[in-house]
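# Working through the structure, step by step
Listed below, chain by chain, are the residues.
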Amino acid sequence: MFPKYDVIVVGAGHAGCEAAVAAANMGSKVLLATMNMNTIAQMSCNPAMGGVAKGQIVREIDALGGYSGIVTDHTMVQFRMLNRSKGPAMWSPRAQSDRMLFAHKWRMMLEAHQNIDFWQEMITGIVVKDGRAKGVQTGMGLAIESESVILTNGTFLNGLIHIGEKQFGGGRAGERAAKGITEQLITLGFEAGRMKTGTPPRVDGRTLDWSKMEIQPGDENPSKFSYNDTPKLEKQMPCHISYTSNKVHDILKTGFDRSPMFNGRIRGLGPRYCPSIEDKIDRFADRDRHQLFVEPEGWDTCEIYVNGFSSSLPEDVQYKALKEVAGFENMKMFRPGYAIEYDFFQPTQLRPSLETRLIKNLFFAGQINGTTGYEEAACQGLMAGMNAHLAVNEEEPFILKRSEAYIGVLIDDLVNKGTKEPYRMFTSRAEYRILLRQDNADLRLTPIAQKMGVQGLEQRMERVREKENASFKIQKFFEKLSVTPDQINAYLEEIGSSKLKQQVKLHGVLLRPHVGIDGLREVLPEVEAFAQSYDQETLDLAEINMKYEGYIKKEQEMVDKMNRLEEVRLSDSFNYHELMSLSAEAKEKLSKLQPRTIGQASRISGVSPADISVLLVHVGR
């Protein structure tokens, strides 16, 4: 009935979709198995992509040949570049998407791929032979053969939904939980745990008074995520901001005795950086209000997402409290918020390729690894898909360094440190964030992806070369063009910068704080004439490279120093207990995690600099 596949992907959320595309784009024959073909790429929580550090990840996925950026550009209703007031290392793109269009576009792109087949059914187990994943077992008793398996089960593994004192099995509202896989993995020796996430109520936008809320429009000149020729956003929908109040908090507190979070029914830890509204009130008791982002679900629906009001309180308490929020006085609710508990597996049980240590050619990606967020899941799916293809073809795994991508930071954090709560990416987690900006992800990663054998990157590589050349030309223009005091002093005085006393090169003026190419275009006709030949992103890239050249160079030197440790390989089979000079904790951690390199070993908690010195001596360095 089925051919033998190279890769079977279990689950068609953000991780599963990217995993299927990544393996297929490298030439593997892929089966994407899902319990419901109608919920492929469903935005289970907020209808948005990107945000702080997450936006960088989406751009990295795109640079590596993934589809998340393309789908977002085709389906967004609003775009904002966050943190523009801060340095460029912090700039983070974020888009509000049309929920239904997003899922539809993803499915259309998947169905257009000749290397991807689909199967709708619950997968209840993995076929394991001689310590290798060799296929999957379905709920109807079918065995489907493959050379590798990627599990991207999201919140479905023994999922349990909580609303007040009610609880029922489910992986998402209206969908059943997945059974069997956790139980099998435990018998194979895996360590499982429970985590929790939640979602807020959805309400009827026709019943809200928008005049009582602050409007939050998109950027005047919206950018996009993909480096491809995706559509430019011509029309945008606004989001709005409202606030809770002490009265809202008092009403919510009346349900605390029935809250599954406070009465012990929820065992899993929830996301620290996206707490429920009851958690916020409990943890931040001194705050008399909390911000709510009132977000549209799409162009053609009145459904509204109340971002910041995630809750598992009884539905009547949620309803009464929301009615006291400004603009929500006549609100009608479509559905209450809820919490969901699900199984996950400590990611320290994985290799940096996301292959499990216990079973060869079995990969985990997404929330099964303890992460939270579409973007974190999608990038893991992409890496697991590429590495599953490489494993099937007995090639070396593809592992991004911390200095190469936020994706590298995320996976390195997970496999070396593990996580006790849903992991979320922030710019502060990356020690080389000046190098890992959202504007240069294509320059960093597209050449690597092409070298890895990702198909269909010819046009992307041509754009990379053009962008590099254009940035170089812009820099040379500023280094050569001179400017006199009478040309520019009025502008400098206006922005509070000291006046020129003599003719200087424009490059030196650009290095000043508050001076930018956009401002210089307005006062110097020759700059305006030159800049018209280039798009805004290339101009931004050139400006950043010029302004931050010293910082970029210093950070690159740090990377080069660290990479020397990354090049010192360690054997997978080495017995660390034989090295008497190692601390007891280092022996235990190194034996358990089996790092590939000295660099990876140095980032394992409990392994001290003294332990690293012992390892370096042992390997002859």
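The following paragraphs examine the structure supplied in this document. (Residues numbered from 1 in each chain as written. Predicted model: local features only at pLDDT ≥ 70, side-chain atom pairs only at ≥ 80, totals over all residues. Heavy atoms only, no water.)

Here helix 10 (residues 406–417) spans 16 Å end to end across 12 residues, near enough to the 16 Å set by a 1.5 Å rise per residue. The buried count for helix 10 comes to 11 of 12 residues, which makes it a mostly enclosed element. Taken together, the buried positions of helix 10 are occupied by Tyr-406, Ile-407, Gly-408, Val-409, Leu-410, Ile-411, Asp-412, Asp-413, Leu-414, Val-415 and Asn-416. Looking at the buried positions of helix 10, the neighbouring elements they touch are helix 2 (54–63), helix 9 (374–392), helix 19 (584–593) and helix 20 (598–602). One or two positions beyond helix 10, positive phi appears at Gly-418, with a value near 70°. (Helix = DSSP H or I, 4+ residues; strand = E, 2+ residues; numbered from the N terminus. Expected span 1.5 Å × (residues − 1). Buried < 20%, exposed > 50% of the residue type's maximum accessible area, 1.4 Å probe, protein only. Contact = heavy atoms within 4.5 Å.)

This paragraph deals with the pattern of salt bridges. Counted under the stated rule, the structure contains 39 salt bridges. Taking the shortest distance from any N to any O, the salt bridge between Glu-376 and Lys-54 comes out at 2.8 Å. Of this pair, Glu-376 sits in helix 9 while Lys-54 sits in helix 2, and the two are 322 residues apart along the sequence. In this structure, Glu-376 and Lys-54 share a single accessibility class: buried. The partner of Arg-84 in a salt bridge is Asp-540, and the shortest N-O contact between them spans 3.6 Å. With a gap of 456 residues between them, Arg-84 in the loop between strand 4 (76–82) and strand 5 (92–97) and Asp-540 in helix 17 (residues 536–547) connect regions that are remote in the sequence. A relative accessible area of 44% means that Arg-84 is categorised as partly exposed. Relative accessible area serves as the criterion here: at 13%, Asp-540 is assigned to the buried category. Connected through shared salt-bridge partners, Arg-402, Asp-412, Asp-413, Lys-417, Glu-431, Glu-566 and Arg-603 make up one network. (Salt bridge = Lys/Arg side-chain N within 4 Å of Asp/Glu carboxyl O.)

On the basis of which strands lie adjacent, the open sheet formed by 6 strands has the order 14-15-16-17-13-18 and antiparallel pairing. In this open sheet, the two strands that pair with only one neighbour each are strand 14 (214–216) and strand 18 (333–335). For this sheet the average axis-to-axis angle between neighbouring strands, irrespective of direction, equals 35°. Pairing geometry for strand 14 and strand 15 (residues 239–243), over 3 bridges, is antiparallel. Opposite Ile-215, over in strand 15, you have His-240 as the bridge partner. (Pairing = 2+ DSSP bridges. Axes fitted to C-alpha atoms, helices over the stretch in contact; angles between N-to-C directions.)

Another point: the pairing of strand 17 (residues 303–307). Of all 5 residues in strand 17, 4 are buried, a share of seventy percent or more. Pairing of strand 16 (residues 291–296) with strand 17 involves 4 bridges; the strand directions are antiparallel. Residue Val-294 lies in a different strand from strand 17, and its bridge partner there is Val-306. Joining the antiparallel neighbours strand 16 and strand 17 is a turn of 6 residues.

The subject of this paragraph is the sheet that holds strand 3 (residues 48–50). Pairing is antiparallel across the open sheet formed by 3 strands, whose spatial order is 3-5-4. This sheet does not close on itself; its edge strands, each paired only once, are strand 3 and strand 4. This sheet shows a mean twist of 15° between the axes of neighbouring strands, independent of strand direction. With 6 bridges joining them, strand 4 and strand 5 adopt antiparallel strand pairing. Residue Leu-82 lies in a different strand from strand 5, and its bridge partner there is Ser-92. Against the sheet, helix 3 (residues 68–75) touches strand 3, strand 4 and strand 5, its axis set at about 115° to strand 4.

It is worth spelling out the packing of helix 2 against helix 10 at this point. Interaxial distance between helix 2 and helix 10 falls to 9 Å at its minimum, and their mutual angle equals 110°. In terms of axis orientation, helix 2 runs roughly perpendicular to helix 10. Residues Gln-56, Ile-57, Glu-60 and Ile-61 of helix 2 form the contact with helix 10, whose own contacting residues are Tyr-406, Ile-407 and Leu-410. The residue makeup of the contact of helix 2 with helix 10, split by class, is 5 nonpolar, 1 polar and 1 charged. (Parallel < 35°, antiparallel > 145°, perpendicular 65-115°, else oblique. Nonpolar A, V, L, I, M, F, W, Y, C, P; charged D, E, K, R; others polar.)

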